[in-house]
Amino acid sequence: MLLDLEQYKRQCKKETEQYVWRIQTNLYSKIKEVASENKVYPSVVMRYIINWSCDKMESDEQFREHMLEITLGKNDSEGKKKYMYTISKNVNDKLLETNKKYRLNNINFFVVESARLFFETYEQ
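First, a word on what this report is: a plain description of the structure on this page. (Residues numbered from 1 in each chain as written. Predicted model: local features only at pLDDT ≥ 70, side-chain atom pairs only at ≥ 80, totals over all residues. Heavy atoms only, no water.)

We now examine the pattern of salt bridges. Taken as a whole and judged by the stated rule, the model has six salt bridges. Between lysine 94 and aspartate 55 there is a salt bridge, and its shortest N-O distance comes to 2.5 Å. On the criterion of sequence distance, the pair formed by lysine 94 in helix α5 (residues 89-102) and aspartate 55 in helix α3 (residues 42-59) is long-range, its members being 39 residues apart. What makes lysine 94 partly exposed here is its relative accessible area of 25%. Linking lysine 101 and glutamate 58 is a salt bridge whose minimum nitrogen-to-oxygen distance equals 3.0 Å. Remark: glutamate 58 occurs in helix α3 and lysine 101 occurs in helix α5; sequence separation between them is 43 residues. Under the relative-accessibility criterion, lysine 101 is labelled exposed at 52%. Given a relative accessible area of 43%, glutamate 58 falls into the partly exposed group. A network of salt bridges, in which partner residues are shared, links Glu113, Arg116 and Glu120. (Salt bridge = Lys/Arg side-chain N within 4 Å of Asp/Glu carboxyl O. Helix = DSSP H or I, 4+ residues; strand = E, 2+ residues; numbered from the N terminus. Buried < 20%, exposed > 50% of the residue type's maximum accessible area, 1.4 Å probe, protein only.)

Written out as structure tokens, the structure is:
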């Protein structure tokens, strides 16, 4: 799956230390595969997915209702091993703005669920 990732490649080293999140092993392997196809780092693909999900929260009511319901009712507890990924300040700000606007209960689970739904949507 080739993605237009050019705007997500730019990130300074200072930002990588500040915005770190966790992702499940099974999703990380898919992200790593897409990153390999696009010849970028996995964190670039994560920035793309987070941006995609924040935009989708604004435009897709069914997606928004699903995310609000699932983040209130679940916690990200699948599997013991998790991988870390970094996002840039502007994507992190967008994620926090989405959280503030929609009052997500668990931001990290929102990101994990976003990645899962992203691959469900684009692998069909």
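The next thing to look at is helix α2 (residues 25-38). If you check α2, its first and last C-alpha atoms are 20 Å apart, about what 14 residues at 1.5 Å a residue would give, namely 20 Å. Those residues of α2 not exposed but buried are Leu27, Tyr28, Ile31, Val34, Ala35 and Asn38. Along α2, the residues classed as buried sweep out an arc of 125° about the axis, all on the same side. Lysine 39 sits one or two positions beyond α2 and adopts a positive phi of about 60°. (Expected span 1.5 Å × (residues − 1). Arc of directions from axis to C-beta.)

A word on the packing of aromatic side chains. Per the stated rule, a full pass over the model turns up six aromatic pairs. On the numbers, 6.1 Å between centres and 65° between planes, the contact of tryptophan 52 with tyrosine 122 is edge-to-face. Within this pair, whereas tryptophan 52 is found in helix α3, its partner tyrosine 122 is found in helix α6 (residues 107-122), the two being separated by 70 residues in sequence. With 5.4 Å between their ring centres and 80° between their planes, phenylalanine 118 and phenylalanine 119 make a pair best called edge-to-face. There is no split in this pair, since phenylalanine 118 and phenylalanine 119 are both buried. Here the aromatic cluster, defined as three or more aromatic residues joined through ring pairs, consists of Tyr48, Trp52, Phe63, Phe118, Phe119 and Tyr122. (Phe/Tyr/Trp six-rings, centres within 6.5 Å; stacked < 30°, edge-to-face > 60°.)

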